[in-house]
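Here's the letter readout for the chains.
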Amino acid sequence: DERGSVSDSIKSNQAGYLPDAVKCARLGRWLGTMPKGALDLPAPPRFEVRDAATHAVAFSGTARQTHRRGEKDARSGDLSGENVWEMDFTKLARPGRYYVAVPGVGRGLDFRIAADAYAAPFAVAATGLVAQRCGCELQAPWFPWSRVACHDKGIVPTTASRIAGAKLGDLPGLAEPGAAKLQARGGHHDAGDYNPRSHLDVAQALLEAYDAAPRKFRDGQMPVPPNERGNGIPDVVDEALWELRLWIGLQDSDGGVRGGTESSGDPNFFQTVELDELGDYAFAKDSRASYNFAGCAAQCARILRSVGRKNAGDGLLARAVKAWDWAEANPAPQASDPKRRGDVRTSPRAYAAAHLLAATGEAKYNAAFVEETPWRADPRAPAQKDGAWDLRAAAFAYVRCVPEKAADPAVRAAAKEAIVRDADGFVAVAQGAAYPFIRHGWAPINWGTGAYENYLSPVIYAWAVTGEAKYRDWIVRTCDNTLGCNPMSICWMTGFGGRRIHAPLHNSRYSPGGVVPGIQCEGPVSSGQGYNWKETAVPAPRADDAALYTFSDCHFAIGMDEGVVNAQAKTLAAFGLLLPDAPAKK
């Protein structure tokens, strides 16, 4: 019954679709050891998009087969194991609530077509990200989950080098003799556990989204604490500031910044945050951390000044300049190693130089950016070169944020072309997939590569610097995958969607109200060792199991069911970029 029989073979974005963007649902089902191994049909089926309330047909068409079972659509083979038909209804732009029906198969879940289709998933994802704040009490009525303020007893400084790869268990023995604890708190918990790990990339993802499309973001969009509401700062910037708060506490008076924080090990599965006995330790200062902090702080400072918070912006910019000066005077020893220079010096220094140039206009930062990048010597050089450099974030800052008059015209043009080529490379990989979303062409399906926006930044950069709709459509397709248009027809975060995950590894699972909304899991994990599909599936999995089906909704399997906070931030950023623009200020 195409009105009432919901079929998991019909996959759509469970949030909905934008009136002016691509709209596709998919039909397919992997059937394991059953005959033929996948749902098959003798001819391309007809499909209908129906009004969810009246069942009236709003659009109809013939599905297009885009994949045959066994065809290779990734380096590792056939990821879905399905025969896949694409049902394209892009031409349907009328707002409303709908579902897709396929005669003889059934119907899909409801979705909306609306300019604000991403408002609800953005709000849910925002709740999940705020839930990962470290050192912040969460409580009713402003938050749906109550938790004590954690990791606020100070951080033990150590001599451990993060660049050199110090191990967690070594940190207690490397404490600085006689040094007082650092009175720093903030940042975000790493994942389903509550390690007080410092994730500067959370702030970077949110600030880059704001720079890409500032009119998408405003004050009052996220469930931030009451003292941050109505302060005139867009909530994504408030969230970035909470991450930066920790890093400000890791900056010494001479400007140098420590390489982040860690516990001395991983907590057990059943221990809640107030029972943490593993301690909180800070790595030693290094130039890489100092450059990265300088770039992120300068970017945030510029944004704060642009929204009328000049004093706060000026103070943060002063810290960024001090971090830059310290890093310039104290290069990491590994920077002299050609195999490490790109990671330790080239990429972070170029990133910091671009954002400091955007914030100050000082020519010395332009000179440093040009010095670290290849585009004056080779205008066709890539934005990212394995083992040599990753200049994508730096190029975005230079092209998008630096005033044209302050930039080298030829280098700026070459950096923009490199951004576009990089994005086009990711698109080329995605176009040939049965389920097209932006992912790394060489990465196996594990640790979030089959569920989230982990590799979407290059496409976001290209959209921001070109304005071309095709890149926005690839943001949409990747969000489609996260929100249910994937082989398992499942939304990969709690609290949203008609079919969604319920058991991620997160401390809120002990709450009477259940897991807090907006927590992600890693999604399918078809390879790797430990806590994954191979150890949870009954009967035992086969070598030819479809990679994008290798998921069990059970909190103890870390590889599948633990979310990671930087992935949460990227998901929130992507959803936010698809929100309606706020009205222009008069």
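These figures come from a predicted structure and were not determined experimentally.

Draft legend 1. Structural view of the overall build of the chain. Helix and strand counts for the chain come out as 14 helices and 15 strands. Its C-alpha atoms give the chain a radius of gyration of 24 Å, near enough to 25 Å, the size a compact globule of 586 residues would have. Viewed in the frame of its principal axes, the chain has a C-alpha envelope of about 70 × 55 × 50 Å. Expressed as a percentage of the 586 residues in the chain, the buried residues total 59%. A separation of at least 24 residues holds for 70% of the contacts in the chain among residues at least 6 apart in sequence. Of the roughly 22,600 Å² of accessible surface on the chain, 52% is carried by carbon and sulfur atoms. Distance from the positive charge centre (67 side chains) to the negative charge centre (67 side chains) of the chain: 4 Å.

Draft legend 2. Layout of the state of the cysteines. All chains considered together, the criterion is met by 0 disulfides. Just so you know, Cys485 is unpaired, no disulfide at all, and the nearest cysteine sulfur is the one on Cys24, 7.7 Å from it. Cys485 sits in the buried class, given a relative accessible area of 7%. No disulfide involves Cys554; its nearest neighbouring cysteine sulfur is the one of Cys521, lying 10.0 Å away. You can call Cys554 buried: its relative accessible area is 14%.

Draft legend 3. Summary view of the pattern of salt bridges. If you walk through the whole model with that rule in mind, you get 34 salt bridges. We note a salt bridge from Lys153 to Asp152, for which the minimum N-O separation is 3.0 Å. Overall, the relative accessible area of 63% leaves Lys153 in the exposed class. Given the relative accessible area of 33%, Asp152 is considered partly exposed.

Draft legend 4. Seen up close, the nonpolar core. Ranked by internal contacts, the top residues of the largest apolar core, which has 130 residues, are Tyr118, Val237, Trp324, Phe369, Trp375, Tyr398 and Val459. Here this core gets 11 residues from one element, more than from any other, and that element is helix α4 (residues 287-306). Beyond its immediate sequence surroundings of up to four residues, Phe369 is in contact with Ala350, Ala353, Ala354, Trp375, Ala394, Tyr398 and Val411.

Draft legend 5. Expanded view of the side chain of Arg29. Note that Arg29 resides in the loop between β3 (24-27) and β4 (46-51). One buried charged residue, Arg29, forms no salt bridge at all, with the nearest opposite charge on Asp8 at 4.6 Å. Side-chain polar atoms of Arg29 contact the backbone oxygen of Asp8, separated by 3.5 Å. Ignoring anything within four residues of it in the chain, the contact list for Arg29 reads Asp8, Ser9, Lys11, Gly37, Ala38, Leu39, Glu82, Asn83, Pro487, Met488 and Tyr549.

Draft legend 6. Spotlight on the packing of aromatic side chains. All chains considered together, the criterion is met by 17 aromatic pairs. Relative to Phe217, the ring of Tyr210 lies with its centre 6.5 Å away and its plane at 40 degrees, an arrangement referred to as tilted. By the burial criterion, Tyr210 is buried, and Phe217 matches it. The positively charged end of Arg107 is found above the aromatic ring belonging to Tyr99, 3.8 Å away from the centroid.

Draft legend 7. Broad picture of the sheet that holds strand β12 (residues 261-262). Reading across the sheet, the 3 strands line up as β11-β13-β12 and stay open at both edges, with mixed pairing between neighbours. Each end of this open sheet is capped by a strand with a single partner; those strands are β11 (156-157) and β12. As paired strands, β11 and strand β13 (residues 281-282) are joined by 2 bridges and run parallel to one another. Pairing of Val156 across the sheet is with Tyr281, part of β13.

Draft legend 8. Highlighting helix α11 (residues 469-482). Its 14 residues place the ends of α11 20 Å apart at the C-alpha level, agreeing with the 20 Å of an ideal helix rising 1.5 Å per residue. Where α11 is concerned, the buried positions are Tyr471, Arg472, Trp474, Ile475, Val476, Arg477, Thr478, Cys479, Asp480, Asn481 and Thr482. Each element contacted by the buried residues of α11 is listed here: β2 (16-17), β3, β7 (84-88), α9 (409-431), α10 (457-466) and α14 (565-577). Of the residues one or two after α11, Gly484 is the one with positive phi, at around 125 degrees.

Draft legend 9. Quick look at the packing of α9 against α10. Relative orientation of the contacting elements α9 and α10 amounts to 130 degrees, with a least axis distance of 8 Å. In terms of orientation, α9 lies oblique with respect to α10. Every pair of crossing elements has a handedness; the one defined by α9 and α10 is left-handed. Judged by residue contacts, Lys416, Ile419, Val420, Asp422, Ala423, Phe426 and Val427 of α9 engage Pro458, Val459, Tyr461, Ala462, Val465 and Thr466 from α10. Taken together, the residues of the contact of α9 with α10 sort by class into 10 nonpolar, 1 polar and 2 charged.

Draft legend 10. Inspection of the sheet that holds β3 at higher detail. Spatially, 4 strands are ordered β1-β3-β7-β6 in an open sheet, and the strand pairing comes out antiparallel. Edge positions in the sheet fall to β1 (10-11) and β6 (64-67), since each has one partner strand and no second. Pairing between β3 and β7: 4 bridges, direction antiparallel. Bridging across to β7, Leu27 finds its partner in Trp85.

Basis of the calculations
- Residues numbered from 1 in each chain as written.
- Predicted model: local features only at pLDDT ≥ 70, side-chain atom pairs only at ≥ 80, totals over all residues.
- Heavy atoms only, no water.
- Helix = DSSP H or I, 4+ residues; strand = E, 2+ residues; numbered from the N terminus.
- Rg over C-alpha atoms; globule rule 2.2 N^0.38 Å.
- Buried < 20%, exposed > 50% of the residue type's maximum accessible area, 1.4 Å probe, protein only.
- Contact = heavy atoms within 4.5 Å.
- Areas by Shrake-Rupley, 256 points an atom, 1.4 Å probe, with all protein chains shown as cover.
- Lys, Arg positive; Asp, Glu negative; His and termini not counted.
- Charge placed at Lys NZ, Arg CZ, Asp CG, Glu CD.
- Disulfide = S-S within 2.5 Å.
- Salt bridge = Lys/Arg side-chain N within 4 Å of Asp/Glu carboxyl O.
- Core = buried A, V, L, I, M, F, W, Y, C linked by side-chain atoms within 4.5 Å.
- Polar contact = N/O pair within 3.5 Å; in protein donor to acceptor, adjacent residues only side chain to side chain.
- Phe/Tyr/Trp six-rings, centres within 6.5 Å; stacked < 30°, edge-to-face > 60°.
- Lys NZ or Arg CZ within 6 Å of the ring centre and 35° of its normal.
- Pairing = 2+ DSSP bridges.
- Expected span 1.5 Å × (residues − 1).
- Axes fitted to C-alpha atoms, helices over the stretch in contact; angles between N-to-C directions.
- Parallel < 35°, antiparallel > 145°, perpendicular 65-115°, else oblique.
- Left-handed = near helix turned anticlockwise from the far one by under 90°.
- Nonpolar A, V, L, I, M, F, W, Y, C, P; charged D, E, K, R; others polar.

These values are about where atoms sit, not about what they do.
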